[in-house]
Amino acid sequence: MKNSFSHALPNKEGYFGEYGGSFIPPELQAVMDEITQTYLEIREQPEFQAELAELYKHYVGRPSPIFHAKNLSERFGADIYLKREDLNHTGAHKINHCLGEALLAKKLGKKKLIAETGAGQHGVALATAAALVGLECDIYMGEVDIAKEHPNVVRMAILGANVIPATHGRKTLKEAVDSAFEAYLKDPISQIYCIGSVVGPHPFPMMVRDFQSIIGNEAKLQFQEMTHGAPDNIIACVGGGSNAIGIFTAFLDDDAVNLYGVEPTGRNVEEDGEHAATMLKGSPGTMHGFHSYMLQDDAGEPAQVYSVASGLDYPSVGPQHSYLKDTDRVTYEGISDDEAIQAFFDLSRLEGIIPAIESAHAVAYACKLAKAKPGSSILVNLSGRGDKDIDFVVEKYGQQYGINDLA
Ligand SMILES: *Cc1c(COP(=O)(O)O)cnc(C)c1O
């Protein structure tokens, strides 16, 4: 299907209420303004829409189905449905915005896509889009993460991307962001920095939301067809917030639909550095080029954060989520590491679907909500599949879940 974009927010300066905006060096602002201008033009063009729709259908495999998880429903007492973003090419929702960004880059005459990656998921999705569209791709990654995430590093290399190690400081995601940003500043003309979620300076929170809104647009029609109504509740996990805003957008104007975003409360939500529950525990501030809720230290620098799901491990959140929190349109809740792992096994063993640990946070909250609202309908955005997580889960939690001696 074609995507129809919501044009309601943000305002011209990229603000969702008080959140968002663009806090970047002046020499970058001109480049960012050009990206905004071109994006606003092409999103109205039928040829661009058709090109993207074609790729979504024949390359990504959209529309992703909605599955009625009857075994899970029976166990927990409400009707639980899954929007199967895990079935997309490359295994998650990220390909939706990476393709959009790559097509835009091509229209802008850019030669190279650059980005940082933590666990490698955004890097793989962007390297995939770069290969398809025919652009160079540099992925900045901490040296420590390169050693830890070997399969994704190999994938990016096979896809033709350059993986560039960040070797300073703690050698993880934060340092990768520094390195990528530094490289971008050196040449913002032939390169474009492809942000991996609904974060960063304007226009990225708007643009990535628009690309991801295909999820909710499809889901609204599919759910109507299956049940002759809208879901009572929709749940998605929130790292930067792109899969959540993607499924929420089509339902924002329907007040009968309760929307829930799930943040990771990690090992201990009461202890700094042991969780990444940005909106539950953070406060408004400015980092990475935009204003939003964030977890910050006493100096206003990004705080150390932690989650068992590396894709949720981010100290800020998309500005539209901050706005949706303050206006009470979306309810934000927390799920711990242990609850997410329980849901990871529940979904695997009851439905034969191994979810990404990120997505398992949304499933875990669905199981809780089902007990609180028996008989209601719940649509979960299953943002990705768990192939990437199986070795880690078995090593760390195998014994606890009856998996022994696989060697
Ligand atoms: C990256 C990722 C997330 C978190 O990113 P959002 O921008 O919050 O959607 C969630 N699920 C999966 C499977 C991911 O790869």
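Keep in mind the model is a prediction, meaning the values are calculated, not measured.

What counts, and at which threshold
- Along each chain, residues carry numbers from 1 onward, in the same order as the chain's sequence is written.
- The model is predicted, so local features are restricted to residues of pLDDT at least 70 and side-chain atom pairs to those at 80 or more, both for listing and for counting; the totals for chains, interfaces and linings are taken over all residues.
- Hydrogen atoms and water are omitted, and side-chain values are computed over all heavy atoms in the structure.
- Lines fitted to the C-alpha atoms define the axes, with helices restricted to the stretch that makes contact. Angles between their N-to-C directions range from 0 to 180 degrees.
- Secondary structure elements follow DSSP: runs of H or I of four or more residues count as helices, runs of E of two or more count as strands, with numbering from the N terminus.
- For classification purposes, an angle smaller than 35 degrees is called roughly parallel, one larger than 145 roughly antiparallel, one from 65 to 115 roughly perpendicular, and anything else oblique.
- Two residues qualify as a contact provided that any one of their heavy atoms is within 4.5 Å of a heavy atom in the partner residue.
- In this count, Pro and Cys sit with the nonpolar residues alongside Ala, Val, Leu, Ile, Met, Phe, Trp and Tyr, while Asp, Glu, Lys and Arg are called charged and the others, Gly among them, polar.
- Distances are taken per atom, and a residue is near a molecule or strand as soon as one of its heavy atoms is within 4 Å of it.
- Any pair of nitrogen or oxygen atoms within 3.5 Å is treated as a polar contact; in protein, a donor-acceptor pairing is required on top of that, and neighbouring residues in sequence qualify only through side-chain atoms on both sides.
- Areas reported here follow the Shrake-Rupley algorithm with a probe of radius 1.4 Å; residue values treat only the protein chains shown as occluding.
- Relative accessibility thresholds used throughout: buried, under 20% of the residue-type maximum; exposed, over 50%; partly exposed, between the two (1.4 Å probe, protein chains only).
- Any two strands with at least two DSSP bridges between them are considered paired.
- Buried residues of nine kinds, namely Ala, Val, Leu, Ile, Met, Phe, Trp, Tyr and Cys, make up a nonpolar core once their side-chain atoms join them within 4.5 Å.
- Domain segmentation is taken from an automatic or database assignment of domains.
- UniProt positions are given in the numbering used here, feature names are shortened, and annotations may be inferred rather than shown by experiment.

## Quick notes on the packing of helix H1 (residues 26–42) against helix H8 (residues 173–186)
Turning to step 1, where the next piece is worked out: The geometry of H1 relative to H8 is characterised by a closest axis approach of 10 Å and an angle of 85 degrees between their N-to-C directions. Classified by the angle between their axes, H1 and H8 sit roughly perpendicular to one another. Residues Glu27, Leu28, Val31, Met32 and Ile35 of H1 pack against Phe181, Tyr184 and Leu185 of H8.
Turning to step 2, where the next piece is worked out: The class makeup of the residues in the contact of H1 with H8 is seven nonpolar, no polar and one charged.

## Let's talk about the site of the ligand
Turning to step 1, where the next piece is worked out: Lining the immediate surroundings of the ligand are 16 residues, of which Lys94, Ser197, Gly239, Gly241 and Ser242 lie closest.
Turning to step 2, where the next piece is worked out: With respect to the ligand, the side chain of lysine 94 contributes an N or O atom lying 2.5 Å from an oxygen atom.
Turning to step 3, where the next piece is worked out: Take serine 242: an N or O atom from its side chain is 2.7 Å from an oxygen atom of the ligand.
Turning to step 4, where the next piece is worked out: In isolation the ligand exposes 390 Å². Once the protein is present, 97% of that is buried.

## Regarding the environment of isoleucine 114
Turning to step 1, where the next piece is worked out: For isoleucine 114, the position within the fold is in strand E5 (residues 112–117).
Turning to step 2, where the next piece is worked out: Here isoleucine 114 falls in the buried class, since its relative accessible area comes to 0%.
Turning to step 3, where the next piece is worked out: Every residue in contact with isoleucine 114, bar those within four places of it in the chain, is listed here: Leu126, Asp138, Tyr140, Ala180, Tyr184, Gln191, Ile192, Tyr193 and Cys194.

## Details of the sheet that holds strand E14 (residues 377–382)
Turning to step 1, where the next piece is worked out: Within the open sheet, the six strands sit side by side as E3-E4-E14-E9-E10-E13. Their pairing is mixed. At either end of the open sheet lies a strand with only one pairing partner, and these are strand E3 (66–68) and strand E13 (330–336). Sheet twist, expressed as the average angle between the axes of neighbouring strands with direction ignored, equals 25 degrees.
Turning to step 2, where the next piece is worked out: Bridge count between E3 and strand E4 (residues 79–84): three bridges; the pairing is antiparallel. Within E4, the residue paired with histidine 68 across the bridge is tyrosine 81.
Turning to step 3, where the next piece is worked out: With respect to the sheet, helix H10 (residues 214–227) is in contact with E3, E4 and E14, its orientation differing from that of E4 by roughly 140 degrees.
Turning to step 4, where the next piece is worked out: The strands touched by helix H15 (residues 357–372) within the sheet are E4, strand E9 (233–237), strand E10 (258–266), E13 and E14, with E9 carrying the most contacts at an inclination of about 150 degrees.

## Overview of the nonpolar core
Turning to step 1, where the next piece is worked out: Ranked by size, the top nonpolar core spans 82 residues in total, and within it Ile35, Leu113 and Phe248 carry the most contacts.
Turning to step 2, where the next piece is worked out: Taken domain by domain, the makeup of this core includes at least three residues from each of domain 1 (15–58 + 94–209) and domain 2 (61–91 + 213–401).
Turning to step 3, where the next piece is worked out: The contact partners of phenylalanine 248, leaving out residues within four places of it in the chain, are Ile234, Ala236, Leu259, Tyr260, Gly261, His321 and Val330.
Turning to step 4, where the next piece is worked out: Core analysis: the second largest hydrophobic core is formed by 38 residues, Leu82, Val308, Tyr365 and Leu369 among them.

## As for helix H9 (residues 204–212)
Residues spaced three or four apart along an α-helix face the same direction, because each turn holds 3.6 residues.
Turning to step 1, where the next piece is worked out: Burial of H9 is extensive: nine of the nine residues sit out of reach of the surface.
Turning to step 2, where the next piece is worked out: For H9, the full list of buried residues reads Phe204, Pro205, Met206, Met207, Val208, Arg209, Asp210, Phe211 and Gln212.

## A word on the UniProt feature "domain: Tryptophan synthase beta chain-like PALP" (unreviewed entry) in the protein
Turning to step 1, where the next piece is worked out: Those residues carrying the UniProt feature "domain: Tryptophan synthase beta chain-like PALP" (unreviewed entry) are residues 61–384 in this numbering.
Turning to step 2, where the next piece is worked out: Taken end to end, residues 61–384 has its terminal C-alpha atoms 14 Å apart, with 42% of it in helix and 21% in strand.

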